[in-house]
Amino acid sequence: MGFFEKIFAYFAGRTDRRNSSMAEAAKNPKSLKEDRQAAIEYFVEMSDCNIAVPALLQRFEFSLEHGINDTREKEKCMSGIVKYGTEALPFIAKHLKSTSRIAWPIKMLLKITDEASVIQALKDCLDFGEVAFDQDKTDKNYDILCYLADYKLPGYYKEIAHFLTVQDERVRYAAVELLCGQDDQEVPQIVERYLFDDSNENTRLRRAVATAFLTRNWQVLDLENYNKKPVPGFRLSEKRTLVPAS
């Protein structure tokens, strides 16, 4: 190695060590406030997206007891990420898949990309595996389903219907709410069974489905089961739609 190569390698190594040290300070909730904020500022001012964005994203993995400081630091990190625009998108999407803290990454996506990309990123984060014994993954599925409820997802009803069978009632309810907001003609047939479900664990789901049948004028197909277990507060019209009982 020549003289200039040695000089270059020395300075490159020193920069790498500084980047690593700053990344550790930025993501450590036990760092001194001043050290952590200095590290955040270091990456916010950096011009290299490949280094800055992954480091700043780690700050969203914890919350401080002091809510104001926590929000200020996260807002600072977000500003340092979204300034890169769509260049930061792959890093945010990757982080979104691995983290259980999705609120801030979603905020960033909404600032830098279009609705279709946000929807796809959220879909990619849903876990269709057996997660009943993993509370973080269960909570994440619930949160994502709630976010997706703001959008139309044509043709995605089969994937959403998967979550009607999970153990967690919150996730089932979020899936029902999401389905009932879609325009696919198959949706009423998928959720209709909850009209006849008078079990205690599905009380909220039954009410949500009944409300959807009422407001969207969906026809009840299975009259036999409905007549056996009519939904309290509703009755069937001559057109086989639900209307208020009174």
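Residues numbered from 1 in each chain as written. Predicted model: local features only at pLDDT ≥ 70, side-chain atom pairs only at ≥ 80, totals over all residues. Heavy atoms only, no water.

Caption draft 1: The arrangement of the overall build of the protein chain in detail. Helices and strands together make up the secondary structure of the protein chain, namely 13 helices and 2 strands. Relative to a compact globule of 246 residues, whose C-alpha radius of gyration would be 18 Å, the protein chain shows 25 Å and is clearly more extended. Dimensions of the protein chain, computed from C-alpha atoms along their principal axes, come out at roughly 90 × 35 × 30 Å. Within the span of the protein chain, comprising 246 residues, buried residues form 41% of the whole. Across the protein chain, contacts joining residues at least 24 apart in sequence account for 57% of those joining residues at least 6 apart. A total accessible area of about 14,000 Å² is found for the protein chain, and carbon and sulfur atoms account for 51% of it. The average position of the 35 basic charges and that of the 38 acidic charges among the side chains of the protein chain differ by 2 Å. (Helix = DSSP H or I, 4+ residues; strand = E, 2+ residues; numbered from the N terminus. Rg over C-alpha atoms; globule rule 2.2 N^0.38 Å. Buried < 20%, exposed > 50% of the residue type's maximum accessible area, 1.4 Å probe, protein only. Contact = heavy atoms within 4.5 Å. Areas by Shrake-Rupley, 256 points an atom, 1.4 Å probe, with all protein chains shown as cover. Lys, Arg positive; Asp, Glu negative; His and termini not counted. Charge placed at Lys NZ, Arg CZ, Asp CG, Glu CD.)

Caption draft 2: Focus on the pattern of salt bridges. This model, assessed by the stated rule, comprises 13 salt bridges. Across the pair Lys27 and Glu24 runs a salt bridge whose closest N-O atoms are separated by 3.4 Å. Among the residues examined, Glu24 registers a relative accessible area of 44% and is labelled partly exposed. Of the charged contacts in the structure, one is a salt bridge between Arg216 and Asp183, with a shortest N-O distance of 2.6 Å. Of this pair, Arg216 sits in helix H12 (residues 203-216) while Asp183 sits in the loop between helix H10 (169-180) and helix H11 (187-191), placing them 33 residues apart in sequence. Taken together, the shared-partner salt bridges in this structure form one network comprising Arg36, Arg59, Asp70, Glu73 and Lys74. (Salt bridge = Lys/Arg side-chain N within 4 Å of Asp/Glu carboxyl O.)

Caption draft 3: Region of interest: the side chain of Arg206. Relative to the elements of secondary structure, Arg206 occurs in helix H12. Discounting chain neighbours no more than four positions away, the residues touching Arg206 are Tyr194, Leu195, Phe196, Asp197, Asp198, Lys229, Pro230, Val231 and Pro232.

Caption draft 4: Summary view of the packing of H10 against H12. At a closest axis distance of 9 Å, the pairing of H10 and H12 adopts a crossing angle of 5 degrees. Here H12 runs roughly parallel to H10, going by the angle between their axes. Residues Glu169, Arg170, Arg172, Tyr173, Val176, Glu177 and Cys180 of H10 form the contact with H12, whose participating residues are Arg204, Leu205, Ala208, Val209, Ala212 and Arg216. Residue composition of the contact of H10 with H12, grouped by class: 7 nonpolar, no polar and 6 charged. (Axes fitted to C-alpha atoms, helices over the stretch in contact; angles between N-to-C directions. Parallel < 35°, antiparallel > 145°, perpendicular 65-115°, else oblique. Nonpolar A, V, L, I, M, F, W, Y, C, P; charged D, E, K, R; others polar.)

Caption draft 5: Quick look at the state of the cysteines. Under the criterion given, the structure shown has 0 disulfides. No disulfide involves Cys49; its sulfur sits 14 Å from that of Cys77, the nearest cysteine. Cysteine Cys125 shares no disulfide, and the gap to the nearest cysteine sulfur, in Cys146, comes to 15 Å. (Disulfide = S-S within 2.5 Å.)

Caption draft 6: Here's a closer look at helix H7 (residues 115-125). Regarding H7, the residues found buried are Val118, Ile119, Ala121, Leu122, Lys123 and Cys125. The elements touched by buried residues of H7 are helix H5 (89-98), helix H6 (103-112) and helix H8 (135-148).

Caption draft 7: Expanded view of the confidence of the model for the protein chain. Averaged over all residues, the pLDDT of the protein chain is 92; the fraction at 70 or higher stands at 94%. Under a pLDDT of 50 for its full length, residues 6-12 has, in the predicted model, 1 contact with residues more than four places off or in other chains. (pLDDT = per-residue confidence, 0-100.)

Caption draft 8: View of unusual backbone geometry. Backbone geometry at Asn217 places phi at a positive 55 degrees, although glycine is not the residue there. With respect to the helices and strands, Asn217 occurs in the loop between H12 and helix H13 (223-228). Relative accessible area serves as the criterion here: at 54%, Asn217 is assigned to the exposed category. Phi at Arg240 takes a positive value of approximately 65 degrees, unusual for a residue other than glycine.

Caption draft 9: Geometry of the packing of aromatic side chains. Tallied over the entire structure, the rule returns 4 aromatic pairs. Taking the centre distance of 5.3 Å and the plane angle of 85 degrees together, the rings of Phe213 and Trp218 count as edge-to-face. With a relative accessible area of 0%, Phe213 lands in the buried category. Lying across the ring of Tyr142, Arg170 places its NZ or CZ 4.7 Å from the centre. One cation-aromatic arrangement involves Arg204 over Tyr173; the distance from NZ or CZ to the ring centre is 3.9 Å. (Phe/Tyr/Trp six-rings, centres within 6.5 Å; stacked < 30°, edge-to-face > 60°. Lys NZ or Arg CZ within 6 Å of the ring centre and 35° of its normal.)

Caption draft 10: Structural detail: the environment of Ala208. Within the element layout of this structure, Ala208 appears in helix H12. Here Ala208 falls in the buried class, since its relative accessible area comes to 12%. As a C-alpha pair, Ala208 and Tyr173 span 35 residues in sequence and 8.2 Å in three-dimensional space. In contact with Ala208, not counting residues within four places along its chain, are Tyr173, Val176 and Glu177.

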